[in-house]
Amino acid sequence: MLNKKNKYNVAVVGATGIVGESLLSILDSRKFPVDEIHAVASQNSKGSKVKYGNELITVQALDEFEFENIDFAFFSAGGSISKIFAPKAASQNCIVIDNTSEFRYVDNIPLIVPEVNPDDIIKYKDTNIIANPNCSTIQMLVALKPLHDKFQINSINVSTYQAVSGSGKDGVQELLEQSSSYIDQRSIEKNVYPKQIAFNAIPFVDCFLENKYTREEMKMVWETQKILDKNIKVNPTAVRVPVLIGHAESIYIETNNDINIDEAISALNDFDGISVIDDIESIDFPTPFEQGHGTDDVYVGRIRKGLDKNNSLNLWVVADNVRKGAALNSIQIAEKLI
């Protein structure tokens, strides 16, 4: 249970990873009221330094760290780590905001996108744990929330085009190394992905399940139904593309009510956290390189009615998967709580 204060003690678990570094950067840039900041990671990273604003802070080992004086712990070190250490932190009256999939589908743990279901945050009191959704789900639901409120979505067909930063620093490194090897006509080495990612597109993210959908795809189904509306049908395809940062999505929706395109665009424009870029004349639409890197909004373009149904709409959605898709969303949850 959160005690309201002027300043809070904060721990970032997984501080040396790509999301952990982003968490530290955003906590500083958004002036989150931090009293003490702790960077926590594995024993291997103990004693190393990470950046927090203009200072370098020393990384502490998670297996030696105590959470009893910590108000907020942001976990982004993998599901197996969260499974062990998040309940330990939560039992010491620390509020855990977890970035892994470990707790997303637990009934009494809220799964939160602050722009979409802020009223559910209060449910954290059952466990002291709040789950952060999957990056691709977050940006999709921010874009669809104003449309659902106005026209009531009953089905979503979505294809994601996901940046390699979704696989962490190793994914970024693999794309850079393969690109260099390809240009220099050297042999391509594959470690992170089953296929070459440089100059390619891989219709596979995460692992396959029995229904032949990948876990990444099913996350979007489960999370949409938990966060937005349990009755919405979702058909996803997740694709990994040779982009460093910034996920893109092509989304087709069908709604219970006929869609007025002007009302739809107006609803998107008026919604907090969405920026509409949709200019056919100057060929200006959101792209991962321009709008999905170092940005906080969800960007929407290519907004158009379906060709054969009055209750259908197509849109293109871009966001920074490391910031809005992970670190920023976690911090916005904490901001709502304080």
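Residues numbered from 1 in each chain as written. Predicted model: local features only at pLDDT ≥ 70, side-chain atom pairs only at ≥ 80, totals over all residues. Heavy atoms only, no water.

With that out of the way, let us pick up the pattern of salt bridges. Working definition: two side chains of opposite charge can pair if their charged atoms are close together. Summed over the entire model, instances satisfying the criterion amount to 14 salt bridges. Here D71 ties to K5 by a salt bridge, and the two come within 2.9 Å at their closest N and O atoms. Here the residue D71 occupies a position in the loop between strand 4 (55-61) and strand 5 (72-75), and K5 occupies one in the segment before strand 1 (8-13), the gap between them amounting to 66 residues. Note that E216 is salt-bridged to K219, the shortest N-O span being 3.7 Å. Residue E216 and its partner K219 are located together in helix 5 (residues 215-227), separated by three residues, close to a single helical turn. Across the pair, exposure class does not vary: E216 and K219 are buried alike. Among the ionic contacts, a cluster of salt bridges with common partners joins R30, D296, R323 and E335. (Salt bridge = Lys/Arg side-chain N within 4 Å of Asp/Glu carboxyl O. Helix = DSSP H or I, 4+ residues; strand = E, 2+ residues; numbered from the N terminus. Buried < 20%, exposed > 50% of the residue type's maximum accessible area, 1.4 Å probe, protein only.)

To continue, consider a nonpolar patch on the surface. A cluster of nonpolar side chains, namely Y182, I183 and F199, defines an oily patch on the protein surface of about 370 Å² accessible area. Its location among the elements puts F199 in the loop between helix 4 (169-183) and helix 5. By relative accessible area, which is 55% here, F199 ends up exposed. (Patch = residues over 30% accessible without salt bridge, like charges linked within 9 Å, V, L, I, M, F, W, Y side chains within 5 Å. Areas by Shrake-Rupley, 256 points an atom, 1.4 Å probe, with all protein chains shown as cover.)

The next point concerns the pairing of strand 8 (residues 153-162). By the bridge criterion, eight bridges tie strand 8 to strand 10 (residues 247-255) in an arrangement that is antiparallel. Residue S155 lies in a different strand from strand 10, and its bridge partner there is E254. With eight bridges joining them, strand 8 and strand 9 (residues 233-240) adopt parallel strand pairing. The residue of strand 9 that forms the bridge with N157 is N235. (Pairing = 2+ DSSP bridges.)

Moving on to the packing of helix 3 (residues 135-151) against helix 5. Running from amino to carboxyl end, helix 3 crosses helix 5 at an angle of 45°, the nearest separation of the two axes being 9 Å. Between helix 3 and helix 5, the crossing angle belongs to the class labelled oblique. Here helix 3 and helix 5 pass one another in a crossing that is right-handed. Where helix 3 abuts helix 5, its residues S136, T137, M140 and L141 lie against E216, K219, M220, E223, T224 and I227. Residue classes in the contact of helix 3 with helix 5 are distributed as four nonpolar, three polar and three charged. (Axes fitted to C-alpha atoms, helices over the stretch in contact; angles between N-to-C directions. Parallel < 35°, antiparallel > 145°, perpendicular 65-115°, else oblique. Left-handed = near helix turned anticlockwise from the far one by under 90°. Contact = heavy atoms within 4.5 Å. Nonpolar A, V, L, I, M, F, W, Y, C, P; charged D, E, K, R; others polar.)

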